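So you can see what is in the structure, the chains are spelled out below.
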Amino acid sequence: MVEINETWGLWERSLIAWPDGREDRTTFVAWLQGPRVFADLRQPATPPSFEGVRCLDDLNAAHFPWLAKQEGFAGRLVRAGDAFEWRRAIDFQCPSDAVDAGYLTFADGMLIERGRDIPYIEHWHRTSAGSDPMFAAELRDADGVSGFVVRVGDIFMYVRNRAVPLPHGGSLAELVAQASAATARDLLNCEISLGRVRGGMWLIGRSSLPFRVGSDLGLASFGDDTRLSVHDVTMDGTPTTRQWTIVDLDIDLKQQKQSGQEHSQGVLTAVRSMIGRA
């Protein structure tokens, strides 16, 4: 039986197949698993050109359909009997009643996921193993917007929810197609970014907001290390700093016990390690 600690790290999907013969081998899918918290980004093949796009206001009708087909989520991975459930706290698409659940097995170094409630099979390949530092944080800003950051080794994913929730059971693609350009941008304003920490910089390599690619997330702590800040841009591209409060910290309890630290000190060490200051 697969244990959660065997899923730590970055995984990329090579296949999803359904019983009716349909399959997808071209969508880019990355899943980063921390101790409990996960983040996931799924982008269709053949995106439109984003040359010259530097902010949300630069997006137009040529970009909207592809952006609206993206998927991604963040939340917690939990065991449910013999299966696992990816319990989503943030979803790029409209929320639904469907439970994201599957059975996990290993075969020849590949992780195979079989759907529990919906029949499908997925093939996952580890592209970066679980390594230190490995932490995640659930975030909230002053306006109540939720977020997550997950770091495993030098890989990170950053997730920021949109300010206005999508309707339950709706279709993001249909909502965007029927909306004005300004409303479409608001509907798509949910960031799920994947990148690497290099030389103290948090460099974004892929993002649900493609104009963020190449940017330095600039994750930093301030105050009493219970708050984080990141580099961001406004709708019109003006550089800004987004401030977050850590509402929950996801750390490997075994590592904390091995360090011999009390919980409060362990949390501070985790925050500093997550941003590269331990």
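Reference entry: report on the structure contained in this document. All values derive from a computational prediction rather than experimental measurement. (Residues numbered from 1 in each chain as written. Predicted model: local features only at pLDDT ≥ 70, side-chain atom pairs only at ≥ 80, totals over all residues. Heavy atoms only, no water.)

## Details of helix H3 (residues 181-188)
What counts here: The classification of residues rests on relative accessible area computed with a 1.4 Å probe and restricted to protein chains. Under 20% of the type maximum is buried, over 50% is exposed, and intermediate values are partly exposed. Strands here are runs of E lasting at least two residues and helices are runs of H or I lasting at least four, both read from the DSSP assignment and numbered beginning at the N terminus. Regarding the arc, it is the one traced by the directions from the helix axis to the C-beta atoms. Contacts are assigned to residue pairs that have any heavy atoms within 4.5 Å of one another.
Buried residues of H3: Ala184, Arg185, Leu187 and Leu188, and no others. Buried residues of H3, viewed axially, fall in a sector of 160 degrees; they line one side. Buried-residue contacts for H3 involve helix H1 (64-69) and helix H2 (172-178).

## Here we look at the packing of aromatic side chains
To keep things clear, this is the line we draw: Here is the rule: rings of Phe, Tyr and Trp (six-membered ring for Trp) pair when centre to centre is within 6.5 Å. Planes less than 30 degrees apart are stacked, more than 60 are edge-to-face, and the remainder are tilted. Here, over-ring charges are defined by two tests on the NZ atom of lysine or the CZ atom of arginine: distance to the ring centre within 6 Å, and angle to the ring normal within 35 degrees.
Under the definition given, this model contains seven aromatic pairs. Summarising the aromatic geometry, the rings of Tyr158 and Trp244 are spaced 6.4 Å apart at their centres and angled 75 degrees between planes, so their arrangement reads as edge-to-face. On the criterion of sequence distance, the pair formed by Tyr158 in strand S12 (residues 155-160) and Trp244 in strand S17 (residues 239-251) is long-range, its members being 86 residues apart. In this structure Trp244 comes out as buried when scored by relative accessible area, which is 0%. Connected via pairs of aromatic rings, a cluster forms that spans Trp11, Trp31, Trp86, Phe106 and Trp124. Note that Arg22 overlies the ring of Trp18, its terminal NZ or CZ placed 4.5 Å from the centroid.

## Here we look at the pattern of salt bridges
Counted only if it meets this: Just to be clear on terms, a salt bridge is a Lys or Arg side-chain nitrogen sitting within 4 Å of an Asp or Glu carboxyl oxygen.
Following the criterion strictly, the structure yields 22 salt bridges and no others. In this structure, Asp40 engages Arg42 in a salt bridge whose closest nitrogen and oxygen atoms are separated by 2.8 Å. Note on accessibility: Asp40 and Arg42 belong to one class, buried. Between Asp141 and Arg242 there is a salt bridge, with the nearest N and O atoms lying 3.5 Å from each other. With Asp141 in the loop between strand S10 (134-140) and strand S11 (146-152) and Arg242 in strand S17, this pair connects stretches of sequence that are 101 residues apart. Residue class for Asp141 comes out buried when judged on its relative accessible area of 13%. Sharing partners across several salt bridges, the network here consists of Arg13, Asp24, Asp40, Arg42 and Glu122.

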